[in-house]
Amino acid sequence: MAITSYPFDEQPVSEGEFSYLFRELQSTGVADTVGGPGFSVFGDSSGMQVKVSSGFAVIRGHAVQSTDTEIVAIGAASTSVRVDRVVLRLDPTANTISLAVVEGTPGGGVPALTQTDTGVYEFPLAQVNVGIGAATITASAVIDDRRFTGNTVGGWTTATRPQSPRVGRLGFNVSTKTWEFWNGTIWADLAPTVSWSSISGRPNEFTPVSHSHDWTDLNNKPTAFNPSAHTHDWAQVTGRPSTYPPSGHSHDFDSLTGKPSTYPPSSHSHSWSSITSKPSTFTPSSHSHSGYLTSGSTIAWANGSKKPHANSASGSGTWYAVWVEGDGTFCRNTSSIKFKENVRDYAVNPDDVLALRPVIYDRKTQVGDDGTVKEGRKDEVGLIAEEVEAAGLDWLVNYMDGEVDGLRYDLIGVALVPVVQRQAAQIADLSERLAALEATA
């Protein structure tokens, strides 16, 4: 392996040798304060171009200087967003360092740079975002991409740290405002902030020395304290009652004194099926009814499957529509406003009413508790309660023991009101149209 040394008197030194020497003395970058104006690239909306400020830079051991603001053309916009890069291009073959543009791929990312050790080396100055159909390059479209020179101690931003640094390279990061160095793997903080958790070998706990605290120094102290277990003499208790009601307790029946030998039964009732030795028929005694029928018979008379009692309407007295409650009580079906409150409109869908199906049917034959067979009525006309419920008109349905039982036929007229109102509106509309046609005939 040949050993060379230079520069010495009367010895030729190539540009490659000088470049290598200067690279060890000065890193590649713009010779300016970090973020300074040297070779800064900016857009000013003056067209498809950017401008580059004057400056001095060292590119891989070669120097380049610009004494005036230069204009660099940017290619026409593409059909997709494109990222171009403005660079200082070192070309040892041409013996030049010049401003150039590395054009990106439309729709692609930031283009890679050519950075060889002995050939072309492209030093980044800025990224230029070229929007779709852009006619000018604005200031916001340019992103600074420069790195800056440094001697033993350098300065940079997080994004422009030296590339391929040697272990121990030191510099001030203006982004984080910290001194950092390259430890061979990462840029490490030269003077990191020490926290308790970062200290190795620290004890898990400390034994407090004997000390005291003022009451005012304590945090979260209670405003009141529960008394500890203690006793009081009866004479010390104030406001005690003179007598005491007994607390809840119980006694065995055998321990009671003076208890009666027999007890009259309290008021109660029995279901008919639980009565034994009851007669199969009853001879009615002379009696009368007032108000309403007794419990049991009312529901039997109200059941629509029973044959109604042959009772003809006569006399000049007032007749009332009635309801039969579940306990057998009769009550008048009133409708005066004096019996009502919280009155408000109730929407009924005429189509739900028109969907109801009138039917004719026979009542099922009923067998009484005494075995008497009572044939149901034939050819009754009405509606099926389950079909009315399914049509969304459950407010017309009566329920018993949680099951569908009957219908409020007295409310069918209310359900028909919106049907008639809609038909009346349709008739009026058709009449107006017919009159208009006759007027123009």
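Concerning the overall build of the protein chain
Logical step 1: In terms of helices and strands, the protein chain carries 5 helices and 22 strands.
Logical step 2: Long-range contacts, defined here as pairs at least 24 residues apart, represent 48% of the contacts in the protein chain between residues at least 6 apart.
Logical step 3: Here the protein chain has roughly 32400 Å² of accessible surface; of this, 54% comes from carbon and sulfur atoms.

A word on the pattern of salt bridges
Logical step 1: In the structure shown here, the tally under the stated rule is 12 salt bridges.
Logical step 2: The partner of arginine 422 in a salt bridge is aspartate 351, with the nearest N and O atoms 3.1 Å apart. Of this pair, arginine 422 sits in helix H5 (residues 412-440) while aspartate 351 sits in helix H3 (residues 350-354), placing them 71 residues apart in sequence.
Logical step 3: Judged by relative accessible area, arginine 422 falls into the partly exposed class, the value being 30%.
Logical step 4: Looking at aspartate 351, the relative accessible area reads 42%, which means it is partly exposed.

Examining the side chain of arginine 147
Logical step 1: Mapping arginine 147 onto the fold places it in the loop between strand S10 (142-144) and strand S11 (153-156).
Logical step 2: Within the local environment of arginine 147, its side chain forms a polar contact with the backbone oxygen of arginine 161, the two atoms lying 3.0 Å apart.

Quick look at the packing of aromatic side chains
Logical step 1: In total, this model carries 6 aromatic pairs according to the counting rule given.
Logical step 2: Relative to phenylalanine 225, the ring of tryptophan 215 has its centre 6.2 Å away and its plane inclined at 50°; by these criteria the two rings are tilted. Here phenylalanine 225 lies in the loop between strand S14 (187-189) and helix H2 (297-302) and tryptophan 215 lies in the loop between S14 and H2, a separation of 10 residues in the sequence.
Logical step 3: Take tryptophan 215: its relative accessible area is 48%, and that puts it in the partly exposed class.
Logical step 4: Assessed through its relative accessible area of 58%, phenylalanine 225 is described here as exposed.
Logical step 5: Here the aromatic residues Trp156, Trp182 and Trp187 are joined through ring pairs into a cluster of three or more.

Section: the sheet that holds strand S5 (residues 62-66)
Logical step 1: As summarised here, the arrangement of the 3 strands in space is S1-S4-S5, forming an open sheet in which the pairing is antiparallel. Of all the strands in the sheet, just strand S1 (29-30) and S5 have a single pairing partner and so form its edges.
Logical step 2: As defined by bridge partners, strand S4 (residues 55-59) adjoins S5 across 5 bridges and the pair is classed as antiparallel. Within the sheet, the bridge partner assigned to isoleucine 59 lies in S5 and is histidine 62.

Section: the sheet that holds S10
Pairing between sheet strands relies on hydrogen bonds along the backbone, with the strands arranged either parallel or antiparallel.
Logical step 1: Spatial strand order, S8-S7-S9-S10: 4 strands in an open sheet with antiparallel pairing. Both outer strands of the open sheet, strand S8 (96-102) and S10, are each paired with one neighbouring strand and no more. Sheet twist, expressed as the average angle between the axes of neighbouring strands with direction ignored, equals 25°.
Logical step 2: In the sheet, strand S9 (residues 121-130) pairs with S10 via 3 bridges, with the strands oriented antiparallel. Looking at S10, one finds that alanine 126 is bridged to aspartate 144.

Let's talk about the side chain of asparagine 173
Logical step 1: Relative to the elements of secondary structure, asparagine 173 occurs in strand S12 (residues 170-173).
Logical step 2: A distance of 3.1 Å separates a polar atom in the side chain of asparagine 173 from a polar atom in the side chain of threonine 158.
Logical step 3: A polar contact is formed between the side chain of asparagine 173 and the backbone nitrogen of serine 175, at a distance of 2.8 Å.
Logical step 4: With sequence-adjacent residues up to four places away left out, asparagine 173 is seen in contact with Trp156, Thr157, Thr158, Arg161, Thr178 and Glu180.

A look at H5
Residues separated by three or four positions in an α-helix point in the same direction, a consequence of the helix having 3.6 residues per turn.
Logical step 1: Its 29 residues give H5 an end-to-end C-alpha distance of 43 Å, which sits within 8% of 42 Å, the value for a rise of 1.5 Å per residue.
Logical step 2: When we look at burial in H5, the residues that qualify are Ala415, Pro418 and Val419.
Logical step 3: Buried residues along H5 sit in contact with H3.

Quick notes on a nonpolar patch on the surface
Logical step 1: Taken together, Val194, Trp196, Ile199 and Phe206 make up a surface patch of nonpolar side chains, about 450 Å² in accessible area.
Logical step 2: Of the residues examined, isoleucine 199 reaches a relative accessible area of 33% and is grouped as partly exposed.

Comments concerning the pairing of strand S3 (residues 49-52)
Logical step 1: Here 2 bridges tie strand S2 (residues 41-42) to S3, and the two strands are oriented antiparallel to one another. From the neighbouring strand, valine 41 faces S3, where its bridge partner is valine 52.
Logical step 2: Taking the residues that link successive antiparallel strands as the turn, the S2-S3 hairpin has 6 residues, and the phi of serine 45 there is positive, at about 60°.
Logical step 3: Sheet analysis places S3 next to strand S6 (residues 70-73), joined by 4 bridges and oriented antiparallel. From the neighbouring strand, valine 52 faces S6, where its bridge partner is glutamate 70.

How each quantity is defined
Residues numbered from 1 in each chain as written. Predicted model: local features only at pLDDT ≥ 70, side-chain atom pairs only at ≥ 80, totals over all residues. Heavy atoms only, no water. Helix = DSSP H or I, 4+ residues; strand = E, 2+ residues; numbered from the N terminus. Contact = heavy atoms within 4.5 Å. Areas by Shrake-Rupley, 256 points an atom, 1.4 Å probe, with all protein chains shown as cover. Salt bridge = Lys/Arg side-chain N within 4 Å of Asp/Glu carboxyl O. Buried < 20%, exposed > 50% of the residue type's maximum accessible area, 1.4 Å probe, protein only. Polar contact = N/O pair within 3.5 Å; in protein donor to acceptor, adjacent residues only side chain to side chain. Phe/Tyr/Trp six-rings, centres within 6.5 Å; stacked < 30°, edge-to-face > 60°. Pairing = 2+ DSSP bridges. Axes fitted to C-alpha atoms, helices over the stretch in contact; angles between N-to-C directions. Expected span 1.5 Å × (residues − 1). Patch = residues over 30% accessible without salt bridge, like charges linked within 9 Å, V, L, I, M, F, W, Y side chains within 5 Å.

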